[in-house]
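For reference, the chains in residue letters:
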Amino acid sequence: MNKKALTSFVIIENLAYWEGGLNATILGEYLGIAPANARKYINDYQRRYEGNLVYNGAHPEKLYEPQTNFVCHVISGNWPDYIQFLSTYKASALNSSALDLGPYPLQTVDPSVFRHINFAIRTRKALTVMYHSKSRPDGRIRIIHPHALASSGLRWHCRAFDSDTSEFRDFNLSRIGRIIRNETSSVDPAMDSKWVSYVTLQLGPNTQLSPLFQEVVKRDYGFTTDLCVRVREAMVPYFMQFHNISTSVDADNPDEKPLMLINLNDVRHCLLRYDFN
């Protein structure tokens, strides 16, 4: 399957599975092509995944609708992935005026700085940078060895070995003021144990909530018993902050933190110190 066909199939399945159907006009709007050309992709999809879509000529919009036994072949069918789909195609969606994806990160990143960061990750370079932090708002020179990018949900960081502390840490992209020079790095990214290692977070409703509302919380997050999420060790603090997860039900307000971390003792080492600047 070529890239163009895959893109069209992803759109077809998202529209069918989540929105109840599509037609050539709708698909053409997403792809930026004429309805006649879009119809070809619908026909190709039907031939490849026979029985997944059925044409409903009685529908006011004459839609190709998902069968009751519809199977996702090119998408996950998960809600977060559909939200990502909406974010990508919002400008093309016919009903974009009826869609608001909510708050977005206000962080700004200097593209001239990011180009160097991206290059360093691709080619394994060390960068001498001017870095601004709470302890040194005026900035100080740091030598970092970037190997990955990570989002906290609100900010983007580069994961890098810090020559000053001889540790892998997170550096806020917005706080890198300028790049002074680059040189070859001898640091192996595989040595970043917190990046390459994963832990499982076992989550459940905050036990300070009423039993009935605990069931509502389970419904919110789509689980019936406990929810287990696999997360990089380095990303655990960000995950906990972003989802407002309680680590102390006695001290935290359950209305503010309706989810709690059940296996705190198993992952406490991930929360002892935040490796960010």
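Look a little higher up for the structure.
Residues numbered from 1 in each chain as written. Predicted model: local features only at pLDDT ≥ 70, side-chain atom pairs only at ≥ 80, totals over all residues. Heavy atoms only, no water.

Okay, the overall build of the protein chain next. Counting its secondary structure elements, the protein chain contains nine helices and eleven strands. By the compact-globule yardstick of 19 Å for 277 residues, the protein chain is too spread out, its C-alpha radius of gyration being 24 Å. With respect to the three principal axes, the spread of C-alpha positions in the protein chain is 70 × 50 × 35 Å. A burial count over the protein chain gives 40% of its 277 residues as buried. Counted over contacts in the protein chain with a minimum sequence separation of 6, partners at least 24 positions apart contribute 60%. Entry remark: accessible area of the protein chain is about 15,900 Å², with carbon and sulfur atoms responsible for 50%. Taking the 30 positively charged and 28 negatively charged side chains of the protein chain as two groups, their mean positions are separated by 8 Å. (Helix = DSSP H or I, 4+ residues; strand = E, 2+ residues; numbered from the N terminus. Rg over C-alpha atoms; globule rule 2.2 N^0.38 Å. Buried < 20%, exposed > 50% of the residue type's maximum accessible area, 1.4 Å probe, protein only. Contact = heavy atoms within 4.5 Å. Areas by Shrake-Rupley, 256 points an atom, 1.4 Å probe, with all protein chains shown as cover. Lys, Arg positive; Asp, Glu negative; His and termini not counted. Charge placed at Lys NZ, Arg CZ, Asp CG, Glu CD.)

This paragraph deals with the nonpolar core. One finds Leu201, Leu203, Val236 and Leu261 to be the most contacted residues of the largest nonpolar core, which totals 24 residues. Mapped by element, the contributors of at least two residues to this core are strand 4 (140-151), strand 8 (198-205), strand 9 (227-232), helix 8 (236-242), strand 11 (259-261) and helix 9 (264-271). The residues contacting Leu261, other than those within four sequence positions of it, are Leu201, Gln202, Leu203, Met240, Ile245, Ser246, Thr247, Val267 and Leu271. (Core = buried A, V, L, I, M, F, W, Y, C linked by side-chain atoms within 4.5 Å.)

A word on the pairing of strand 4. Across five bridges, the pairing between strand 3 (residues 125-131) and strand 4 is antiparallel. Within the sheet, the bridge partner assigned to Leu127 lies in strand 4 and is Ile144. Pairing of strand 4 with strand 5 (residues 156-162) involves seven bridges; the strand directions are antiparallel. Paired with Leu149 across the bridge in strand 5 is Cys158. Counting the residues in the hairpin turn of strand 4 and strand 5 gives four residues, including Gly153, whose phi is positive at 105°. (Pairing = 2+ DSSP bridges.)

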